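Coordinates in review
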Amino acid sequence: MALFKDIMETVRMIDKENLDIRTTTMGISLLDCIDHDPHKSQTRIYDKITHSAEHLVEEADKIASEIGIPIVNKRISVTPMALIAGATDLKNYAPFAETLDRAAAEVGVNYIGGFSALVPKGATKADNILIQSIPEALASTEHVCASVNIGSTKAGINMDCVKLMGHIVKQCAELTKDNESVGASKLVVFCNAVEDNPFMAGAFHGVGQPDKVLHVGVSGPGVVKVALEKNQHATMDELAEIIKKTAFKITRAGQFVGTTVAKRLNIPFGILDLSLAPTPAIGDSVARIIEEMGIQHCGGPGTTAALAMLNDAVKKGGIMASTSVGGLSGAFIPVSEDEGMISAARNGHITIEKLEAMTCVCSVGLDMIAIPGDTPDDTISAIIADEAAIGMVNNKTTACRLIPAIGKTVGDEVTYGGLFGSAPVMPVNLSDASVFVNRGGKIPAPIHSFKN
Amino acid sequence: MRAVVTVIGKDKIGVIYRVSEILSQSKVNIEDISQTILQDVFTMVMLVDLSKSNCQFSELKDRLDALGKEIGMTIRIQNEDIFNAMHTI
């Protein structure tokens, strides 16, 4: 039997420190649902998802009850829809999103990701149709999430698509302006997207994945923060060691849940994403960990260094704990979903520029950031290009999930409630980038991508 | 399956009796038990074997939870494997 103190430590982590499993995400390949006839294809998609994930929620809930650790989200990722819908003659793929939405509702998951296109080197006709369909797809569905990969270290950045995405992000917000521009919160623009990410809104099931697979994403900022609170006078390397040990335990919990759910559903276990994923709940914040290290307000000088150490230590502890680490794996810094970030943004301690710097050392990017609703499309594109460049040059995943808050400006807030929290509208540098963005073409892959 | 029962709360007479009563009625065997009382906070950990149990895990969990509410303590039952996973290399 585990030691008395170990058992009580786990109980305390659950009771007082918000330890939970953030998500179990079932990846489902839809490649066998391709058909020239859109109705046939949509029927196959619906049937495959509802059949494959029939017991996902039930089994996850059962295991959560057995081990006493909540599994917050049950989700599904599917093959990038441009690859499936491209076989049809449709000029708008929103009906495919509606099919995904119905299937998600039927099996009881809260989000389904994969209304996606991968265009780092260029877009096919289907990719273009899908991207143009995103605003309508996200406005007309509740559970569907979309993503577009516009660059990679190997391919460079597709600037034609970057230009387009500024416009699409804005349209997503416009079409949902009566609902806090929520459409934009369900769209992620990636560089170096990973095909086994279990976290929304950017999850999709890559073509290199098996037919079905079960991924898990763990959390635990609260547990890390409490561990640091107990060591007020530790040096940074001592703090790193504490974070590693804590990450090990959190990861093991996730690994156990993932492998057990996969076994009971009789599908392979995929990866464990050991990201520190915050929520708006008090005591579940990445920003507060940084402040615990001695930065007065998250966003102040020292923040990037503190985050770099945190991110690295989480990975080292997690990699020791699981041989299946994948996905994004790092610390997330979504503004609206982190109580400490919301506070820092409200009080002007953190800016988009500082968040951009922070994304150089952690996963994943400029995430859940509300910007003024009248921000020009080209400015949004230029921010996306900056973030993609960080990912491309540093060989890491970066992403943008910007929410142009239509009808709102700096000082206002968008409020979603639940895990999505609320986002103070943050000021954007309005220096004109339109000439740069409208050049189009490609930013070539960096020199260090030529490794063969 | 083996599970760990933890009982935490203000110490009072008959806690072990009441918990053991439910376990016994459910044909759950107690294999190990340890407890401490620190500043009037009672903490007990039991290792139990459910292989001969006559009820579903969820049912047992609900009964322990109800007892916890009745006597003003927190009573949990969790699969032992999660503790082994988290605390052993």
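Let us look at the structure shown here. Residue numbers here run from 1 along each chain, matching the order of that chain's written sequence. Chains and ligands are labelled by the order in which they are written, letters from A for the one and numbers from 1 for the other. Only residues with pLDDT of at least 70 are given local features in this predicted model, and only at 80 or more are side-chain atom pairs given and counted; all residues enter the totals for whole chains, interfaces and linings. The side-chain quantities take in all heavy atoms of the structure and omit both hydrogens and water.

With that settled, consider the overall build of chain A. By the criteria applied, helices consist of DSSP H or I runs no shorter than four residues and strands consist of E runs no shorter than two, each listed in order from the N terminus. Secondary structure assignment for chain A yields 15 helices and 13 strands. Taken over C-alpha atoms, the radius of gyration is set against a globule rule of 2.2 Å times the number of residues to the power 0.38. Whereas a compact globule of 452 residues would reach a radius of gyration of roughly 22 Å, chain A reaches 21 Å, a difference of no more than 12%. When each of the 452 residues of chain A is scored for burial, the buried share is 64%. Only heavy atoms enter the contact rule, under which two residues are in contact if any of them lie within 4.5 Å. Here the analysis covers contacts within chain A between residues at least 6 apart in sequence; of these, 78% occur between residues at least 24 apart. The accessible surface values rely on the Shrake-Rupley method and a 1.4 Å probe; as for residues, cover is taken only from the protein chains in view. In the form shown here, chain A has an accessible surface area of approximately 16,100 Å², with 53% of it arising from carbon and sulfur atoms. We treat Lys and Arg as the positive residues and Asp and Glu as the negative residues; His and chain ends play no part in the count. For the purpose of locating charges, the reference atoms are NZ of Lys, CZ of Arg, CG of Asp and CD of Glu. The centroid of the 39 positive side-chain charges in chain A is displaced by 5 Å from the centroid of its 51 negative side-chain charges. Categorising residues by exposure relies on relative accessible area from a 1.4 Å probe, with only protein chains included: less than 20% of the type maximum marks a residue as buried, more than 50% marks it as exposed, and the intermediate range marks it as partly exposed.

Right, let's get into the pairing of strand 1 (residues 2–10) of chain B. Residue and element names in this part refer to chain B. Strands qualify as paired when DSSP identifies two bridges or more between them. Of the pairings in the sheet, the one linking strand 1 to strand 3 (residues 41–49) comprises nine bridges and is antiparallel in character. Across the sheet, the residue bridging to Arg2 is Asp49, located in strand 3. Sheet topology note: the strand 1/strand 4 (residues 74–79) ladder contains six bridges and is antiparallel. Among the inter-strand pairings, Val5 is bridged to a residue of strand 4, identified as Ile77.

With that out of the way, let us pick up the packing of helix 1 (residues 4–16) of chain A against helix 3 (residues 80–87) of chain B. Note on geometry: axes are lines fitted to C-alpha atoms, helical ones only across the stretch in contact, with angles between N-to-C directions running from 0 to 180 degrees. Two numbers describe how helix 1 of chain A lies on helix 3 of chain B: the axes approach to 10 Å, and their chain directions differ by 100°. Here helix 1 of chain A is positioned roughly perpendicular relative to helix 3 of chain B, judged by the angle of their axes. Here Asp6, Ile7, Glu9, Thr10 and Met13 of chain A of helix 1 of chain A come into contact with helix 3 of chain B, specifically with Phe83, Met86 and His87 of chain B. An angle counts as roughly parallel when it lies under 35 degrees, as roughly antiparallel when it exceeds 145, as roughly perpendicular when it falls between 65 and 115, and as oblique in every other case.

Take the interface of chain B and chain A next. On the side of chain A, 24 residues touch chain B, which itself brings 27 residues to the contact. Interface area, chain B with chain A, both sides summed: about 2,300 Å², of which 69% is carbon and sulfur. Here a salt bridge means any side-chain nitrogen of Lys or Arg lying within 4 Å of a carboxyl oxygen belonging to Asp or Glu. Seen at the junction of chain B and chain A, the total is one salt bridge. Where Asp15 of chain A meets Arg76 of chain B, a salt bridge forms, and the shortest distance between an N and an O atom there is 2.1 Å. Here a polar contact is taken to be a pair of N or O atoms separated by no more than 3.5 Å, where protein atoms must pair a possible hydrogen donor with a possible acceptor and residues adjacent in sequence count only if both atoms sit in side chains. At the junction of chain B with chain A, the criterion picks out eight residue pairs in polar contact (both at pLDDT 80 or more). Residue assignment for the side of chain B that touches chain A shows that the elements contributing at least two residues are strand 1, strand 2 (29–38), strand 3, helix 2 (57–71), strand 4 and helix 3 of chain B. Per-element tally for the side of chain B that touches chain A: the top contributor is helix 3 of chain B, with eight residues. Charged residues are taken to be Asp, Glu, Lys and Arg, nonpolar residues to be Ala, Val, Leu, Ile, Met, Phe, Trp, Tyr, Cys and Pro, and polar residues to be all remaining types, Gly included. Residues belonging to the side of chain B that touches chain A are distributed by class as follows: twelve nonpolar, ten polar and five charged. Summed over both partners, the accessible area lost on bringing two parts together, with a 1.4 Å probe, is the buried area.

Residue and element names in this part refer to chain A. A cis amide bond, omega 10°, links Met200 with the succeeding residue Ala201. Tracing the backbone through its elements, the reader meets Ala201 in the loop between strand 6 (187–191) and strand 7 (212–218). Its identity as a non-glycine residue notwithstanding, Asn192 has a phi of 60°, on the positive side. Relative to the helices and strands, Asn192 resides in the loop between strand 6 and strand 7. Since its relative accessible area comes to 15%, Asn192 is described here as buried. Even without being glycine, Asn395 reaches a positive phi, approximately 60°. If you trace the backbone, Asn395 turns up in the loop between helix 14 (377–394) and strand 10 (398–405).

Counting residues in hydrophobic clusters, the biggest one holds 158 residues, and the most contacted among them are Phe115, Ile150 and Leu310 of chain A. If one sorts the elements of this core by residue count, helix 9 (residues 236–265) of chain A sits on top with twelve residues. Segmentation of the chain into domains, including their bounds, is taken from an automatic or database domain assignment. Residue-level mapping places this core at the junction of two domains, with at least three residues from each of domain 1 (24–191) and domain 2 (214–449) of chain A. Think of a nonpolar core as a cluster: buried Ala, Val, Leu, Ile, Met, Phe, Trp, Tyr and Cys residues, connected wherever their side-chain atoms sit within 4.5 Å. Counting 22 residues, the second-largest nonpolar core is a separate cluster that includes Val19, Met44, Met46 and Val48 of chain B.

This part covers the packing of aromatic side chains. All names here are of chain A. Aromatic rings from Phe, Tyr and Trp, taking only the six-membered ring of Trp, are treated as a pair when their centres fall within 6.5 Å; an angle between ring planes under 30 degrees marks them as stacked, one over 60 as edge-to-face, and anything in between as tilted. Under the defined criterion, the tally for this structure stands at four aromatic pairs over all chains. Ring plane angle 75° and centroid distance 4.9 Å describe the contact between Phe199 and Phe332, whose orientation is recorded as edge-to-face. Placement of the pair is Phe199 in the loop between strand 6 and strand 7 and Phe332 in the loop between helix 11 (303–321) and helix 12 (339–346), with a sequence separation of 133 residues. A relative accessible area of 9% places Phe332 in the buried class. Relative to Phe420, the ring of Tyr416 has its centre 6.5 Å away and its plane inclined at 75°; by these criteria the two rings are edge-to-face. Phe420 carries the same exposure label as Tyr416, and that label is buried. Among the aromatic residues, ring-to-ring pairing joins Tyr111, Tyr416 and Phe420 into one connected group.

All told, the structure shown has 30 salt bridges over all chains when counted by the stated rule. Between Glu292 of chain A and Lys225 of chain A there is a salt bridge, with its nearest N and O atoms 3.7 Å apart. A residue pair is termed long-range when its members are at least 10 positions apart, and Glu292 of chain A in helix 10 (residues 286–292) and Lys225 of chain A in helix 8 (residues 221–229) qualify at 67 residues. Between Glu21 of chain B and Arg18 of chain B there is a salt bridge, with its nearest N and O atoms 3.9 Å apart. One end of the pair is Glu21 of chain B and the other is Arg18 of chain B, both in helix 1 (residues 15–25) and three residues apart, which spans about a single turn. A relative accessible area of 30% places Glu21 of chain B in the partly exposed class. Here Arg18 of chain B falls in the partly exposed class, since its relative accessible area comes to 28%.

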